[in-house]
Amino acid sequence: MNVKMDLHTHTLASGHYTTDTLTDLAKRAKERGIAYLGITDHAPKMPGSASENYFRNLRYCDRRVHGVRILYGVELNALDQMGTVDLDESVLCHLDYALVSLHKQTYKPQDMRLNTLALTSAMENKFVVGVCHPDDPTYEIDVKTLAEKAKQTGTMLELSSVGVSPDGYREKCVERLVEMLLLCKQKGVYVMLGSDSHGISKIGDFTNSLKLLKALDFPQELVVNFNPEKFFEIVKNKRK
Ligand SMILES: [Zn+2]
Ligand SMILES: [Zn+2]
């Protein structure tokens, strides 16, 4: 099966690592055989990223660029243990989807229980369909609680290309990813592949992620990137 979607990418609007535009990303996605490109620029609390109005206006942008279907999303910041994120529902309802993450610029690492609670509370948000890079070793995370919450709320967990690439920019915690994937397999939790490409360079690059999935004999039907319809169903079910 082919990977048809990249659901986690950044343009120059994120304010760091790249000056590539959405059009540049779409062109590269086309070259790499990606039919659905999810643009998930950092939400406003990330220093240097786009304003609330930027996200508010995305609904007026082109849905297809270089023949690639563009999905307008956002990578939200989990800000506390109460589920507070940095765009409210009046903006999120006009985006195609939202992901959530812990980032050191917006959330100081705390103990495992509180870090995990910050993510699980945000997963209750009906617009949040995925948790990004739960392997980030900056934060201790209770992966079992996270997987249970993912199952309960119909939220995806990300297998991030950065976490499995030897040259990725984040410190690695592959053991945690393996633990997470085994739990997802056992509980039937959906996984999304995200390149977290800032700019064009890593768009659609899932070589190492696919190797890991194969090594774990991970069921393909639980990976939404092979099946766009499943992704849209998850978005729709969560909003009910
Ligand atoms: Zn991130
Ligand atoms: Zn990201």
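Structure first, text after, so check above.
Attention in this report is confined to the structure presented alongside it. (Residues numbered from 1 in each chain as written. Chains lettered and ligands numbered in written order. Predicted model: local features only at pLDDT ≥ 70, side-chain atom pairs only at ≥ 80, totals over all residues. Heavy atoms only, no water.)

### Here's the deal with the layout of surface pockets
Approximately 330 Å³ is the volume found for the largest pocket. The residue inventory of the lining of the largest pocket, partitioned by class, reads 5 nonpolar, 7 polar and 4 charged. (1 Å grid on protein atoms, 1.4 Å probe; cavity = no way out; pocket = protein on both sides within 12 Å on 5 of 7 lines; lining within 4 Å. Points joined across faces, edges and corners; volume = space filled by probe spheres on them. Nonpolar A, V, L, I, M, F, W, Y, C, P; charged D, E, K, R; others polar.)

### Side note on the coordination of the zinc ion (ligand 2)
All of the protein donors around the zinc ion (ligand 2) are His8 (NE2), His10 (NE2), Glu75 (OE) and Asp196 (OD); their distances to the metal are 2.1 to 2.2 Å. Around the zinc ion (ligand 2), the 4 donor atoms are arranged such that angles at the metal cover 83 to 173°; this shape is classified as irregular. Between the donor residues of the zinc ion (ligand 2), the gaps in sequence give the motif H-x1-H-x64-E-x120-D. Separating the zinc ion (ligand 2) from the zinc ion (ligand 1) is a gap of 3.4 Å, bridged by Glu75, which donates to each. Linking His8 in strand E1 (residues 5–10) with Asp196 in the loop between strand E8 (191–194) and strand E9 (197–198), this pair joins segments that are 188 residues apart in sequence. (Donors = N, O, S within 2.8 Å, 3.2 Å for Na, K, Ca; no water. Tetrahedral: all angles 85-135°; square planar, octahedral: opposite > 155°, others 65-115°. Helix = DSSP H or I, 4+ residues; strand = E, 2+ residues; numbered from the N terminus.)

### What about the pattern of salt bridges?
A complete count under the given rule lists 11 salt bridges for this structure. Of the charged contacts in the structure, one is a salt bridge between Asp135 and Arg170, with a shortest N-O distance of 3.7 Å. Here Asp135, found in the loop between strand E6 (128–131) and helix H5 (143–153), pairs with Arg170, found in the loop between helix H6 (161–164) and helix H7 (174–187); they are 35 residues apart in sequence, far enough to count as distant. The buried category is assigned to Asp135, whose relative accessible area is 1%. We note a salt bridge from Glu148 to Lys187, for which the minimum N-O separation is 3.7 Å. Taken together, the positions of Glu148 in helix H5 and Lys187 in helix H7 put the pair 39 residues apart, joining distant regions of the chain. By relative accessible area, Glu148 is classed as partly exposed at 35%. Judged by its relative accessible area of 22%, Lys187 falls in the partly exposed class. Connected through salt bridges with shared partners, the residues Lys27, Arg28 and Glu31 form a single ionic network. (Salt bridge = Lys/Arg side-chain N within 4 Å of Asp/Glu carboxyl O. Buried < 20%, exposed > 50% of the residue type's maximum accessible area, 1.4 Å probe, protein only.)

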